[in-house]
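# Survey of secondary and tertiary structure
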Amino acid sequence: MTITDNANPAPHYLSLPDARTVTTQAVRAAGHALDNALREQSMMCLAADPSIGKTFTLHILCQQCPTLPALRLLPRPQARPDDLRHSLHRVFNLPGHPPEDVGMCDDYLRHALAKPPPPRD
């Protein structure tokens, strides 16, 4: 993923500044799924074949909803599960380095997710 900065990434890896987005049925479906996940305070997994446009779709949805608190957790495309674990460990401000043991790391993350979120400023 080419990112101009972490707060405002380019929506597409080609970074086409004058390109216009065409909303497809798949983008609308992802938007509805995101709305449902936000309403139900749940998680959403966007899965598809490689190079279908998952990252692009999420960037577009985040641009369309600027009040959405988006955390860009994965620093690169095709990130491994360990990349996600390490990013979540950092975002939750858990002490020390993420454990190398996957089960222990997942337990720490589950406990962090079970806590109510801190009050927003």
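Located above this text is the structure these notes cover.
Keep in mind that this is a model prediction, so the values were computed, not measured. (Residues numbered from 1 in each chain as written. Predicted model: local features only at pLDDT ≥ 70, side-chain atom pairs only at ≥ 80, totals over all residues. Heavy atoms only, no water.)

### Side note on the overall build of the chain
Counting secondary structure elements, the chain contains 4 helices and 0 strands. Element order for the chain, N to C, with α for helix and β for strand: α-α-α-α. Expressed as a percentage of its 121 residues, the buried residues of the chain come to 21%. Here the contacts in the chain between residues at least 6 apart in sequence split such that 36% fall between residues at least 24 apart. (Helix = DSSP H or I, 4+ residues; strand = E, 2+ residues; numbered from the N terminus. Buried < 20%, exposed > 50% of the residue type's maximum accessible area, 1.4 Å probe, protein only. Contact = heavy atoms within 4.5 Å.)

### What to know about the pattern of salt bridges
Opposite charge on two side chains permits pairing when their charged atoms draw close. Here the structure, examined in full by the defined rule, presents 4 salt bridges. Its salt-bridge partner being Arg80, residue Asp83 comes within 3.7 Å of it at the nearest N-O pair. Taking the relative accessible area as the measure of exposure, Asp83 reaches 14% and is therefore buried. The partly exposed category is assigned to Arg80, whose relative accessible area is 47%. The salt bridge involving Asp82 is made with Arg85; its shortest N-O contact spans 3.3 Å. One end of the pair is Asp82 and the other is Arg85, both in helix H3 (residues 81-91) and 3 residues apart, which spans about a single turn. Assessed through its relative accessible area of 35%, Asp82 is described here as partly exposed. Taken together, the shared-partner salt bridges connect Asp82, Arg85 and Asp106 into one network. (Salt bridge = Lys/Arg side-chain N within 4 Å of Asp/Glu carboxyl O.)

### Quick word on unusual backbone geometry
In the Ramachandran plot, Ser51 falls in the positive-phi region, its phi being about 65° despite a non-glycine side chain. Within the fold, Ser51 resides in the loop between helix H1 (25-39) and helix H2 (54-64). Residue Ser51 is classed as exposed on the basis of its relative accessible area, which comes to 79%. In this structure, Asn93 is a non-glycine residue whose phi angle is positive, near 55°. Summarising the element assignment, Asn93 is placed in the loop between H3 and helix H4 (102-114). Asn93 sits in the exposed class, given a relative accessible area of 68%.

### A word on H2
Those residues of H2 that sit buried are Thr57, His59, Ile60, Leu61 and Cys62. At its buried positions, H2 is contacted by H1.

### Looking at the packing of H3 against H4
Put simply, H3 and H4 touch, their axes get as near as 10 Å, and they point 40° apart. In this view, H3 runs oblique relative to H4, as classed from their interaxial angle. Of the two possible hands of crossing, H3 and H4 adopt the one that is left-handed. Contacts between H3 and H4 involve Asp82, Arg85, Leu88 and His89 on the former and, on the latter, Val102, Cys105, Asp106 and Leu109. Class assignment of the residues belonging to the contact of H3 with H4 gives a composition of 4 nonpolar, 1 polar and 3 charged. (Axes fitted to C-alpha atoms, helices over the stretch in contact; angles between N-to-C directions. Parallel < 35°, antiparallel > 145°, perpendicular 65-115°, else oblique. Left-handed = near helix turned anticlockwise from the far one by under 90°. Nonpolar A, V, L, I, M, F, W, Y, C, P; charged D, E, K, R; others polar.)

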